[in-house]
Amino acid sequence: MSNPFSNAMRQLDKAADIINLDKNIHEILKSPDRVVSISIPVKMDNGDIKVFAGFRSQYNNTLGVYKGGIRYHHGVTIDEVKALSFWMAIKCAVVNIPMGGAKGGVIVSPKELSEGEIERLSRGYIQKIWRLIGSDKDVPAPDVYTTPQIMALMRDEYEKLVGHTDPGVITGKPIENGGSEGRSFSTAQGGVYCVDELAKKMNWVSENTTIAIQGYGNAGSHMARILHGLGYKIVAISDSKGGVYNEDGIDPAKAEQIKKSGGRLGCYCVGTVCDIVDISTDGPCRAISNDEILELDVDILIPAALENVITIENADKIKAKTIVELANGPTTPEADEILNKNGVVIVPDVLANAGGVTVSYFEWDQNVKGEHWTEMEVLNKLEKIMKNAFDDVWSIKEKYNIDMRTSAFVSAVERIAKKIKI
Ligand code: NAD
């Protein structure tokens, strides 16, 4: 697999070429402002000390305080963290929120640790980086295998170290700990606004627009629920165990009701779509694999699971007219080129899943102002931001005759470059 930071820099160079970016600003944007490597000694349940390696990359704060999640994964590398911090700077700029880009990570297999060990690791991480963070400097958030509960105890550790409360030091907290209404489904909701805008551009009406969603976790399941509510036809969903296809459409809410009342789900499913693998294959409903779901002839394909699922191997088999990337990095750069050549319109991850960081920004804003907004307020503000961002990216795509991923990078780099003082 190619180096993620080199890939990120290729994207920067492409956008820089299109807008003839000042060479000095280009030079500045090629490096993170600061990357720290830390060692976190953790007392394990058996009394031994184990030392975990961790990182925090603060890429750029031209538009506002550094912002980005903390990832717990055995595969974390310094180059991955640097790339993710660059993409955070781009994502915040695409949706035009006053935040910069950062990311953190710890090399750990979290499933092998007890709850107590995870708590000591999380407090240890903050003990090593607390001088660099704060609601006026750098605001972390959850990422892969870090949760709202972990955010609450990181906030607690930080406040103990600095000696005062600072709820805006971290976002993605539980609501009772200063979290925002709507955060739990904000990524999906932001993606739904993109689907709506895309459908308008393609002149599609929701009832006739067919959608396949790969991944039925936080992002994918909320997306299915909200899109179904708006009348879109969800014809396929899947999770790690497999998928289901129903040409008449799948109703996630109905499935939940049937399941709650103890009935048989038939071809429906809740939480995990593996409930449906024993379905009868007669009738319109059938089980499908995770490879098949990507290759369905639908109007919109929504990858909402893993990175690198659309590759040079399957890109030519993609029949969807459009792709809305709810997952981060589901399309490899090589696959991207093939899809663009084949005329598939891709709403890129830096726009399609930016609803999550946008509501994180709202959480920080509420915390620093001492406010608590209603869900309705949050959603109204989110809708405006996502629709404006979609329009900006679309008009840049038309202006330069480029794909939406490149136009999202152009939009972001232009916004950051305008504010850099040299
Ligand atoms: P999650 O862990 O809640 O759900 C992941 C889903 O993917 C699960 O249903 C799982 O069964 C499924 N899955 C795992 N392996 C699979 C496979 N091989 N094939 C098909 N499905 C598989 O994760 P999530 O929070 O929903 O995140 C999903 C994607 O969205 C990730 O790329 C994440 O980075 C991105 N994202 C999420 C958020 C958020 O707020 N949750 C924000 C931005 C981006």
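Residues numbered from 1 in each chain as written. Predicted model: local features only at pLDDT ≥ 70, side-chain atom pairs only at ≥ 80, totals over all residues. Heavy atoms only, no water.

A. How the structure looks around the sheet that holds strand 1 (residues 34-43). Pairing is mixed in the open sheet, where five strands are placed in the order 1-2-4-3-5. For this open sheet the edge positions go to strand 1 and strand 5 (138-142), each flanked by a neighbour on one side alone. Sheet twist, expressed as the mean angle between neighbouring strand axes with direction ignored, is 25 degrees. Bridge analysis of strand 1 against strand 2 (residues 49-60) gives 10 bridges, and the strand direction is antiparallel. Residue pairing across strands places V36 opposite R56, the latter belonging to strand 2. With respect to the sheet, helix 3 (residues 78-94) is in contact with strand 1, strand 2, strand 3 (66-73) and strand 4 (101-107), its orientation differing from that of strand 4 by roughly 155 degrees. (Pairing = 2+ DSSP bridges. Helix = DSSP H or I, 4+ residues; strand = E, 2+ residues; numbered from the N terminus. Axes fitted to C-alpha atoms, helices over the stretch in contact; angles between N-to-C directions. Contact = heavy atoms within 4.5 Å.)

B. Layout of the UniProt feature "binding site: NAD(+)" (unreviewed entry) in the protein chain. Annotation from UniProt places "binding site: NAD(+)" (unreviewed entry) at T187 and N218. For this annotated set, covering 32 residues, all C-alpha atoms fall within 8.6 Å of each other, a compact arrangement in space. Inspection of the secondary structure puts T187 in helix 6 (residues 186-202). For T187, a relative accessible area of 16% translates into the label buried. (UniProt positions renumbered as here; feature names shortened; annotations may be inferred. Buried < 20%, exposed > 50% of the residue type's maximum accessible area, 1.4 Å probe, protein only.)

C. View of the site of the ligand. If you check the shell around the ligand, you find 18 residues, and the closest are T187, Y216, N218, A219 and S240. Between an oxygen atom of the ligand and a main-chain N or O atom of Y216, the distance comes to 3.0 Å. At 2.9 Å, a backbone N or O of N218 approaches an oxygen atom of the ligand. Here the ligand loses 68% of its free accessible area of 820 Å² to cover by the protein chains. Within the shell around the ligand, the residues separate by chemical class into seven nonpolar, nine polar and two charged. (Near = heavy atom within 4 Å. Polar contact = N/O pair within 3.5 Å; in protein donor to acceptor, adjacent residues only side chain to side chain. Areas by Shrake-Rupley, 256 points an atom, 1.4 Å probe, with all protein chains shown as cover. Nonpolar A, V, L, I, M, F, W, Y, C, P; charged D, E, K, R; others polar.)

D. Molecular detail of the sheet that holds strand 8 (residues 242-246). Taking strand neighbours across the sheet as the criterion, the seven strands line up as 9-8-7-6-10-11-12 in an open arrangement whose pairing is mixed. Edge positions in the open sheet fall to strand 9 (285-288) and strand 12 (345-347), since each of these has one partner strand only. Neighbour to neighbour, the strand axes of the sheet diverge by 20 degrees on average, direction disregarded. As paired strands, strand 11 (residues 322-324) and strand 12 are joined by three bridges and run parallel to one another. Paired with I323 across the bridge in strand 12 is I346.

E. Inspection of the UniProt feature "site: Important for catalysis" (unreviewed entry) in the protein chain at higher detail. When the UniProt feature table is mapped to this numbering, "site: Important for catalysis" (unreviewed entry) covers D143. Looking at the secondary structure, you find D143 in the loop between strand 5 and helix 5 (148-162). Excluding its chain neighbours within four sequence positions, the residues that come into contact with D143 are G69, I70, R71 and K103. Of the polar contacts made by the side chain of D143, one reaches the side chain of R71; its length is 2.5 Å.

F. Inspection of the domain arrangement of the protein chain at higher detail. Per the domain assignment, the segments of the protein chain are domain 1 (32-179) and domain 2 (186-352). Domain 1 and domain 2 are separated by 31 Å when their C-alpha centres are compared. Between domain 1 and domain 2, the residue contacts involve four residues of the former and four residues of the latter. Looking at the side of domain 1 that touches domain 2 residue by residue, the classes come out as three nonpolar, no polar and one charged. (Domains from an automatic or database assignment.)

G. Molecular detail of the pairing of strand 2. Counted along the chain from strand 1 to the antiparallel partner strand 2, the turn is five residues long, and its residue G47 has a positive phi close to 95 degrees. Relative to strand 4, strand 2 runs antiparallel, the two being bridged by six bridges. Its bridge partner being in strand 4, F55 is matched across the sheet by G105.

H. Structural view of unusual backbone geometry. In the Ramachandran plot, N308 falls in the positive-phi region, its phi being about 55 degrees despite a non-glycine side chain. Take N308: it is sitting in the loop between strand 10 (300-303) and strand 11.

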